[in-house]
Amino acid sequence: MKQTSVANHPSMHLQKQWITLLREASSEAENRGQLTSRQLQLFYKQGWFKALVPQKYGGLQWSLSRVVAFEEAIGWTEGSAGWVFTLCSGAGWFGGYMDVALASRIFSPKRACLAGSGAVSGVAERLDNGNWAIKGHWQYATGAPHASYFTANVFLPDEKRVRAVLLPPAAVTLEKTWHTTGLIASASESFIVAGHQQPAGCFFDIDPDHPVIGEPLYRMPFGALAEATIAANLSGMALHYMEEVADLWAGKMAAVKPFTGLATKEPAWMRSALKVYKTNIRQWQQARTKLFRAVESLETYVNAHMDIPRLLDCPGYANKSKAVSEASQSLAATCRMAVNSLYPYTGLTGASQASSIGKVWRDFQTGSQHALFVPA
């Protein structure tokens, strides 16, 4: 994979055959309501579900800047595939905080893939036999149909705190509740756990000051990592949409009237539309550059301060994290503005369920509804 550059097109991070495969299979994936076997085989072969998993467990352990660049690239390629990569590879990052023996077992299979929810929608109660009874109902577990394990946040009444827990598929009942307008193939279904018993070793805590794997990636702040990766995914989808808009306009201008044989004249609205387009593509480039640089700055800081036990207490760490968060929010807002301001210039083609531009629009609108990016 080539080095990240803010000036580069996202496609530089993917081989052409990967782009072709993911896009050509998108219609079948939507009809199935989940990624196709060909798409998943590509994920498994390239190890993408393990992009943030520690190398100790066979993962790729990509740096945050590298994964953010890839998030944008795969989001640009195909919305649902990008969404699955974002959420499932993000769950793989939890491997840096799990018990070593447990993580070794969880991530050893080639098809290891974690799905789950960050909502505190369950309860864990201690039993007399030393195990814990888990019950709850969680929404939006992206990639649920092909998950090898699930993660969930639960409240422990006895300890009055929230912890994350790993759950085997046998403990989980899936509910097909993902009926959105876009990102259909991400299969972000709900899941229920009713009174399943788990040993204490299946719990873990996300604490960048106490990772099990002492590498810079696992000392990154979870909030900034989550915002940056999802914002980058939205950035890729927004760029894809803007490119589809440009192609649509080019097609209109190249159209030939069937009876006169004359090329279609430039519509009256085209001049103002082009101004809107140029403004938005420039603002998008500025916003993505800001995010990439903020992520790289945070990485540089963490790499230089790995010997500090309490990074969370360092003003520099807090400031760098805040900069990533602010840049992520700004990029998401910029992308939303770009897509929504160009939509009126796409006509009925832009609203068509069958058009490629309509699919990208639906995927972006769904992804941009993520709770992290509710307008302040």
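Along each chain, residue indices are assigned from 1 in the same order as the chain's sequence is written. Local features are withheld for residues below a pLDDT of 70 in this predicted model, meaning they are given only at 70 or higher, and side-chain atom pairs are given and counted only at 80 or more; totals for whole chains, interfaces and linings count all residues. Only hydrogens and water are set aside; all other atoms, that is, all heavy atoms of the structure, feed into the side-chain values.

Colleague: I'd like a description of the packing of aromatic side chains, backed by residues and values.
Modeller: Stacked, edge-to-face and tilted are the three classes for Phe, Tyr and Trp ring pairs, Trp counted by its six-membered ring, which pair at centre distances within 6.5 Å; planes under 30 degrees apart are stacked, over 60 edge-to-face, the rest tilted. Evaluated as defined, the whole model comprises 23 aromatic pairs. The interplanar angle of 80 degrees and the centroid separation of 5.2 Å between the aromatic rings of F43 and W48 together place this pair among those described as edge-to-face. Take F43 and W48: they sit in the same class, and that class is buried. Taking the centre distance of 4.9 Å and the plane angle of 35 degrees together, the rings of F43 and F49 count as tilted. One aromatic cluster is present, formed by W18, F43, Y44, W48, F49, W62, F70 and F85 through successive ring pairs. Only protein chains enter the accessibility calculation, which uses a 1.4 Å probe. A residue is then buried if its area is under 20% of the maximum for its type, exposed if over 50%, and partly exposed in between.

Colleague: Which residues make up helix α6 (residues 100-107), and what are the values?
Modeller: It helps to recall that an α-helix has 3.6 residues per turn; residues three or four apart then point in one direction. The complete set of buried residues in α6 reads L102, A103, I106 and F107. Down the axis of α6, the smallest arc covering the buried residues is 110 degrees, so these residues share one side. The contact rule is simple, with two residues in contact once any of their heavy atoms fall within 4.5 Å. Working definition: helices are DSSP H or I runs of at least four residues, strands are E runs of at least two. Numbering for both runs from the N terminus. In this structure, the buried side of α6 is in contact with α5 (79-92), β1 (114-126), β3 (149-156) and β4 (161-167). Two or three places before A101, at the start of α6, stands the capping residue D99, its side-chain oxygen 3.2 Å from that residue's backbone nitrogen. As used here, the arc is the angular range of directions from the helix axis to the C-beta atoms. A 3.5 Å cut-off defines polar contacts: any pair of N or O atoms within that distance qualifies, except that in protein one atom must be a possible hydrogen donor and the other a possible acceptor, and neighbouring residues in sequence count only when both atoms are side-chain atoms.

Colleague: Which residues make up the packing of helix α4 (residues 64-77) against helix α7 (residues 222-254), and what values do they have?
Modeller: The axes used here are C-alpha line fits, helices contributing only the stretch in contact, and every angle between their N-to-C directions lies in the interval 0 to 180 degrees. Two numbers describe how α4 lies on α7: the axes approach to 7 Å, and their chain directions differ by 35 degrees. Note on packing geometry: the crossing formed by α4 with α7 is right-handed. Contacts between α4 and α7 involve L64, V67, V68, E71, E72, G75, W76 and T77 on the former and, on the latter, L225, A228, T229, A232, N233, S235, G236, M237, L239, H240 and E243. Following the grouping adopted for this structure description, the nonpolar residues are Ala, Val, Leu, Ile, Met, Phe, Trp, Tyr, Cys and Pro, the charged ones are Asp, Glu, Lys and Arg, and the polar ones are all others, Gly among them. Residue composition of the contact of α4 with α7, by class: 9 nonpolar, 7 polar and 3 charged. A crossing counts as left-handed when the near helix is turned anticlockwise from the far one by less than a right angle, and as right-handed when that turn is clockwise.

Colleague: Describe the environment of M98, naming the residues involved and giving the relevant values.
Modeller: Examined against the element boundaries, M98 turns out to sit in the loop between α5 and α6. Looking at M98, the relative accessible area reads 0%, which means it is buried. When near neighbours in sequence (up to four residues on either side) are disregarded, M98 contacts Y57, A103, F107, L114, L166, F204 and V212.

Colleague: Which residues make up a nonpolar patch on the surface, and what are the values?
Modeller: Patches here are clusters of residues that have more than 30% relative accessible area and form no salt bridge, with a 9 Å joining cutoff for like charges and a 5 Å cutoff for nonpolar side chains (Val, Leu, Ile, Met, Phe, Trp, Tyr). For the accessible areas, the method is Shrake-Rupley and the probe is 1.4 Å, while residue cover comes only from the protein chains on display. Any carboxyl oxygen of Asp or Glu within 4 Å of a side-chain nitrogen of Lys or Arg constitutes a salt bridge here. Residues V120, F155 and V162 make up a contiguous nonpolar surface patch of about 230 Å² in total accessible area. Along the chain, V120 turns up in strand β1.

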